[in-house]
Amino acid sequence: MTTLPLAAAAERIMARCDELATITVTPERLERVHLSPEHRAANDVVEGWMREAGLTTWQDAAGNQCGRIEGRVDGLPALLLGSHIDTVPDAGRYDGMLGVLLAIEVASRVRPHASALPFALEVVAFSDEEGTRFGTALLGSRALAGTWDDAWWELRDSDGISLFEAFQDFGLDPARLPSAFRRPEQLVGYLEAHIEQGPHLEDADRALGVVTSIAGARRFSLTMTGHAGHAGGTPYDRRRDALVGASELVIAVETISKELDTIGTVGKLQAYPGGVNVIPGRVDFSLDVRAEHDAVRDECCQRIQEAAADICARRSLEFDAIEIYRADAAQCAPHLRDAIAAGIRSTGDDAPMALYSRAGHDGVAVSALTDFAMLFVRCAGGVSHHPDEAVTVEDVAAALDAFEGTVRELAAR
Ligand code: GLV
Ligand code: MN
Ligand code: MN
């Protein structure tokens, strides 16, 4: 892969984001989930770009697409750069993918000088960050970090396919999964570039930011149960309408989260039996709670639980909550943060903006294995998890410059 001037390299990254966006389950929207045929196709394309950039490539036993260039001598611990290539339903084209393509482009630019590097450089395109298919997020990065839980093999997607079966369908051998686990001594750290997915950089008129930490998150499957009945015949004082109860709880999630400065979202909600003239007897819904600090995140979950108990008592309903995901807040390592800040300064921004990430990232999982830090890139209107997600080619050029500067800073230390 030729080393292009910065602006042309940024154009190439944008074009590749466009190309990856065509690898989707349906042309109507971008959706590419863990271990799908689209995931296989995206891995193949990314592998081709890694090879073009001069990396030695392999797909690990968890479906993560990996590449490596050696440093001063073969076999040195690696600085790992990357992000994920799975998406949410109806996704934008930069969440995850931009970080993978920036990492490949940095590797391509550093490779001619790799014989001077005091570490190897690796790039990873994680197979699952979003958790869209199996409900539990970070399956790719948790495999790499060696924090795999064998209970996950029994997770099922909406078609009833287990994670175990999905591995086999993809051509992966579940028994070989431990070979994807890395050991701390194999790595010097993990760096990820990612769109901010919020408006703080844009509001501050900054292209780039250095991440201080990633918010802690918890996710639940919720069920509110009442009694179905005739929409015309059942008087209000005899109704046990699960959807009205769930709706009250949705409002409570927002109210409590605003009070505590946490972030609570109900993103999925399904009423049963689902007839236009039937009182809903059961509602299945989801809850996602995040906060900069775990204690206030947990307080928020507790208060939502209390609100549910109060609603159920008033409306003769029952409530059940199953926790399906928990990730504690993860702190970026100060020495890697400093390197990212130095990378941003090398682009002409003398006082890089620092901010914490409200969104989750692979660094949460990788932090169990090695130090990590993140570079944020401004995105239009802070919009993400939506097809309108957008970045400018100028910001991508600045991000590439800063990310490469970060690697050079670390190499010089
Ligand atoms: C991942 O994008 C998340 O923060 O949910
Ligand atoms: Mn995302
Ligand atoms: Mn992401």
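Relevant structure appears above.
Here is a short report on the structure shown in this document. (Residues numbered from 1 in each chain as written. Chains lettered and ligands numbered in written order. Predicted model: local features only at pLDDT ≥ 70, side-chain atom pairs only at ≥ 80, totals over all residues. Heavy atoms only, no water.)

**Focus: the overall build of the protein**
Looking only at helices and strands, the protein features 11 helices and 16 strands. A compact globule built from 413 residues should have a C-alpha radius of gyration of about 22 Å, and the protein, at 23 Å, falls within 12% of that. Projected onto its principal axes, the C-alpha coordinates of the protein cover approximately 80 × 45 × 40 Å. Counting every position in the protein, which comprises 413 residues, the buried fraction comes to 55%. Put simply, of all contacts in the protein between residues at least 6 apart along the chain, 78% involve residues at least 24 apart. (Helix = DSSP H or I, 4+ residues; strand = E, 2+ residues; numbered from the N terminus. Rg over C-alpha atoms; globule rule 2.2 N^0.38 Å. Buried < 20%, exposed > 50% of the residue type's maximum accessible area, 1.4 Å probe, protein only. Contact = heavy atoms within 4.5 Å.)

**Brief notes about the site of ligand 1**
As a structural note, the neighbourhood of ligand 1 is formed by Glu129, Glu130, Arg219, Arg290, Ala359, Gly360 and His385. Arg290 places a polar side-chain atom, nitrogen or oxygen, 2.6 Å from an oxygen atom of ligand 1. At 2.6 Å from an oxygen atom of ligand 1 is found a main-chain nitrogen or oxygen belonging to Gly360. Alone, ligand 1 offers 190 Å² of accessible surface; in the complex the protein occludes 93% of this. (Near = heavy atom within 4 Å. Polar contact = N/O pair within 3.5 Å; in protein donor to acceptor, adjacent residues only side chain to side chain. Areas by Shrake-Rupley, 256 points an atom, 1.4 Å probe, with all protein chains shown as cover.)

**What about the coordination of the manganese ion (ligand 2)?**
Donor atoms from the polypeptide that bind the manganese ion (ligand 2) are Asp95 (OD), Glu130 (OE), Glu130 (OE) and His385 (NE2), placed at 2.1 to 2.6 Å. Between the donor residues of the manganese ion (ligand 2), the gaps in sequence give the motif D-x34-E-x254-H. Metal-to-metal, the separation of the manganese ion (ligand 2) and the manganese ion (ligand 3) is 3.5 Å; Asp95 coordinates the two. Taken together, the residues Asp95 in the loop between strand S3 (78-84) and helix H3 (97-110) and His385 in the loop between strand S16 (372-377) and helix H11 (393-412) connect sequence positions 290 residues apart. (Donors = N, O, S within 2.8 Å, 3.2 Å for Na, K, Ca; no water.)

**Overview of helix H2 (residues 37-52)**
Counted at 1.5 Å a residue, the expected span for H2 with its 16 residues is 22 Å, and the 23 Å between its end C-alpha atoms agrees. Within H2, the full set of buried residues consists of Glu38, His39, Ala42, Asn43, Val46, Glu47, Trp49 and Met50. Contact partners of the buried residues in H2: helix H1 (6-21), strand S1 (56-59), strand S2 (65-69), H3, strand S4 (120-126) and helix H5 (163-170). Following H2 by one or two positions, Gly54 has its phi on the positive side, about 95°. (Expected span 1.5 Å × (residues − 1).)

**A short note on the coordination of the manganese ion (ligand 3)**
For the manganese ion (ligand 3), the full set of protein donor atoms is His84 (NE2), Asp95 (OD) and His194 (NE2), at a range of 2.0 to 2.2 Å. Along the chain, the residues that donate to the manganese ion (ligand 3) are spaced as H-x10-D-x98-H.

**Describing the state of the cysteines**
One pass over the structure, following the stated rule, counts 0 disulfides. Here Cys17 is not cross-linked by a disulfide; its sulfur's nearest cysteine counterpart is in Cys379, at 13 Å. Cys312 takes part in no disulfide bond, and the closest cysteine sulfur to it belongs to Cys301, at a distance of 17 Å. (Disulfide = S-S within 2.5 Å.)

**Quick look at the pattern of salt bridges**
Taken as a whole and judged by the stated rule, the model has 33 salt bridges. Across the pair Arg156 and Glu165 runs a salt bridge, and its minimum N-O distance is 4.0 Å. A salt bridge links Arg218 to Asp298; its shortest N-O distance comes to 3.0 Å. Taken together, the residues Arg218 in strand S7 (residues 216-225) and Asp298 in helix H8 (residues 294-315) connect sequence positions 80 residues apart. On the basis of relative accessibility, which here comes to 26%, the residue Asp298 falls in the partly exposed class. Ionic contacts of the salt-bridge type, sharing partners, join the residues Arg218, Asp294, Arg297, Asp298, Glu323, Arg326 and Asp328 into one network. (Salt bridge = Lys/Arg side-chain N within 4 Å of Asp/Glu carboxyl O.)

**Description of the pairing of strand S15 (residues 353-357)**
Counting buried positions along S15 gives 4 out of 5 residues, so the element sits mostly inside the fold. In this structure, strand S6 (residues 208-214) lies alongside S15, joined through 4 bridges in parallel fashion. Paired with Val210 across the strands is Ala354, a residue of S15. (Pairing = 2+ DSSP bridges.)

**Comments concerning the side chain of Glu31**
Looking at the element boundaries, Glu31 is found in the loop between H1 and H2. Looking at Glu31, its side chain comes within polar contact range of the side chain of Arg29, at 3.2 Å. If we skip the residues at most four places from it in the chain, Glu31 touches Thr24, Val25, Glu38, Thr87, Val88, Pro89 and Asp90.

**Things to note about H5**
Every buried residue of H5 is listed here: Leu163, Ala166, Phe167 and Phe170. An end-on view of H5 places all buried positions within 105° of arc, on one side of the element. Contacts made by the buried residues of H5 are with H2, S1 and helix H4 (139-145). Of the residues flanking the end of H5, it is Gly171, one or two places downstream, whose phi is positive at about 95°. (Arc of directions from axis to C-beta.)

These figures capture arrangement, not role.
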